[in-house]
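The chain contents come next:
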Amino acid sequence: MENKYYVAVVGAGPAGLFGARELAAQGVHVAIFNRDIKAGGLAEYGIYPVKHTMKEGLRKQFHQILDLANIDYYGNVTVGTHGDLTLDELRALGFDAVLVTAGAQGTKSLGLPGEELEGVYHAKDVVFSYNKLPPFSQRKFRFGKRCAIIGAGNVMVDVARHLIYVQNAEEIISIVRRGPAEVNFTREEMKHLITYLDLDEFEKEMERVRPALQAINQDPEIGRHKILDSLSKADPKTKNAKFHFDFLASPTGMFGENGEMNKLEVEDNILTEKDGKISAKGTGIKRTIDVDSVIFAIGDKVDESFGLPTEWNEFIKNKEPRFPVEGVSYESTVEGVFVGGWSRKASEGLVGYARKDGTHAAKAIWQYLQTNQPANASAEAVAAKMKGLNKPIILKEDIKRLESAEAEEAKKRGFEEYKFASNDEMLQAMGLTETA
Ligand SMILES: Cc1cc2nc3c(=O)[nH]c(=O)nc-3n(C[C@H](O)[C@H](O)[C@H](O)COP(=O)(O)OP(=O)(O)OC[C@H]3O[C@@H](n4cnc5c(N)ncnc54)[C@H](O)[C@@H]3O)c2cc1C
Ligand SMILES: NC(=O)c1ccc[n+]([C@@H]2O[C@H](COP(=O)([O-])OP(=O)(O)OC[C@H]3O[C@@H](n4cnc5c(N)ncnc54)[C@H](OP(=O)(O)O)[C@@H]3O)[C@@H](O)[C@H]2O)c1
């Protein structure tokens, strides 16, 4: 079964790991390069920390993949223009193909005045921080008691939970550019937050936006039902906090004093409908909301400095793919370089989606490999290149040592799980040093 093909996978999130598994099953030798010490991507560093069962289940599957004999793992290695090696340097090692599954690491900035103020944050940074991903785990945030979150997706729900339960925030406002029927979170996630929804305020807000919904012939009950659907399954209220929505509002700026924000300015919107698509349109009417912090939970974009051409927040795909899978192009515009998961479509879907997408990207690569003879790239040359980076490179066996040290630490402290929050601590636990 084993063949001479050697493929590089950049990124060990669900897309990269399941993509690697698909290639390995075809007998391909795979080398995974991952920015983080640990594998898992957002499954490790995005999924809400208390979802222990889900996270542990995924970790088990990831272990099984990394245990495959024809998969090598190089952690703590960033590929990209500002990384440890560029995409061109990686390609020059002679791989038969490269699969880019580095997620969506770029930040969508709206270019608003006041973005530089303390108290203005992006959800990814907050999420990485509370999930203890270095260096975000070391960053200090100033959330205060009254916080606005821009967006109404599942990330908004996660961030609101963190602000209420961990940061002891007293009031959270979700700023939604469209209306109640266009919120994007799921019932399963909202049930963790809905108990904090101030129902009187909610009804007042529904009344306020009623004319805008009527203007596009939308029944307000659609939005009301979508939002309140999870009430019957609501988590118990254990904190003294309030959550509400501010619909039909887009952020236009942040203002403050002494470098710290204290006001969010929003523009009121109306709704328009064309071919069934509902959009927000600014009215020009602005108002300010007194808040201590604002967190943008509006999705992410790919890292524009990675080394692949981008457009509209994504890597450009070959529009006429030679190796489509189910009609989808996994081909970048660079010969032999494929994209999958959130690197193909930023901020799209759950782990199951990333798994399927990474697997499909690997299927596209397998088709591509059939059209070429193996280049006979050398695994020794790759290992030597890694050694030459002069920094600790994490191998599969190191991860095992790290995880057993963390399990021991959790046991000692009586915690369900424990994570070392800095690279130094992780390296120490693995018996490695910064200059190894
Ligand atoms: C806050 C949040 C919570 C979520 N919660 C859930 C949930 O509860 N359930 C669920 O099913 N889904 C959840 N998701 C969605 C899920 O996490 C994603 O669908 C999935 O992780 C995307 O997988 P990916 O492999 O494409 O990217 P990622 O998971 O982002 O993995 C990317 C990997 O690439 C590596 N990398 C990045 N840049 C480089 C580089 N330049 N060089 C080398 N390596 C690099 C990173 O270290 C990382 O390991 C959540 C997402 C977020 C943002
Ligand atoms: N627990 C879970 O299962 C879980 C947890 C977190 C994330 N995830 C998944 O991860 C993916 C990403 O989640 P997400 O919450 O980041 O994305 P999302 O579901 O797309 O939500 C993004 C929100 O931001 C708004 N938005 C986007 N651009 C905006 C702008 N310029 N100004 C104002 N608002 C803007 C969107 O409004 P519009 O609708 O108007 O565009 C939407 O409400 C989703 O598939 C999600 O399900 C899952």
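Residues numbered from 1 in each chain as written. Chains lettered and ligands numbered in written order. Predicted model: local features only at pLDDT ≥ 70, side-chain atom pairs only at ≥ 80, totals over all residues. Heavy atoms only, no water.

Participant: Residues and numbers for the site of ligand 2, please.
Facilitator: Around ligand 2 lies a shell of 20 residues, among which Ala 152, Arg 177, Arg 178, Asn 184 and Glu 189 are the nearest. Contacts to ligand 2 include Arg 178, whose side-chain N or O atom sits 2.8 Å from an oxygen atom. Burial of ligand 2 by the protein amounts to 79% of the accessible area it has alone, namely 920 Å². Classifying every residue of the shell around ligand 2 gives eight nonpolar, seven polar and five charged. (Near = heavy atom within 4 Å. Polar contact = N/O pair within 3.5 Å; in protein donor to acceptor, adjacent residues only side chain to side chain. Areas by Shrake-Rupley, 256 points an atom, 1.4 Å probe, with all protein chains shown as cover. Nonpolar A, V, L, I, M, F, W, Y, C, P; charged D, E, K, R; others polar.)

Participant: Describe the side chain of Glu 409, with residues and values.
Facilitator: With respect to the helices and strands, the residue Glu 409 is situated in helix H12 (residues 396–413). Ignoring any residue separated from it by four or fewer positions in sequence, one finds Glu 409 in contact with Tyr 418 and Phe 420. (Helix = DSSP H or I, 4+ residues; strand = E, 2+ residues; numbered from the N terminus. Contact = heavy atoms within 4.5 Å.)

Participant: Residues and numbers for the pairing of strand S13 (residues 293–296), please.
Facilitator: Covered by surrounding structure in S13 are Ser 293 and Ile 295 together with Val 294 and Phe 296, the residues of both alternating faces. Here three bridges tie strand S6 (residues 120–122) to S13, and the two strands are oriented parallel to one another. Note that in S13 the partner of Tyr 121 across the bridge is Ile 295. Judged from the four bridges that link them, strand S7 (residues 146–150) and S13 form a sheet pairing that is parallel. Residue pairing across strands places Cys 147 opposite Ser 293, the latter belonging to S13. (Buried < 20%, exposed > 50% of the residue type's maximum accessible area, 1.4 Å probe, protein only. Pairing = 2+ DSSP bridges.)

Participant: Summarise unusual backbone geometry; cite the residues concerned and give the values.
Facilitator: In this model, Pro 134 is joined to Pro 135 through a cis peptide bond whose omega is -5 degrees. One can find Pro 135 in the loop between helix H5 (123–130) and S7. Despite not being glycine, Trp 312 has its phi angle at roughly 50 degrees, a positive value. Here Trp 312 lies in the loop between strand S15 (310–311) and strand S16 (314–315). We classify Trp 312 as exposed; its relative accessible area is 79%.

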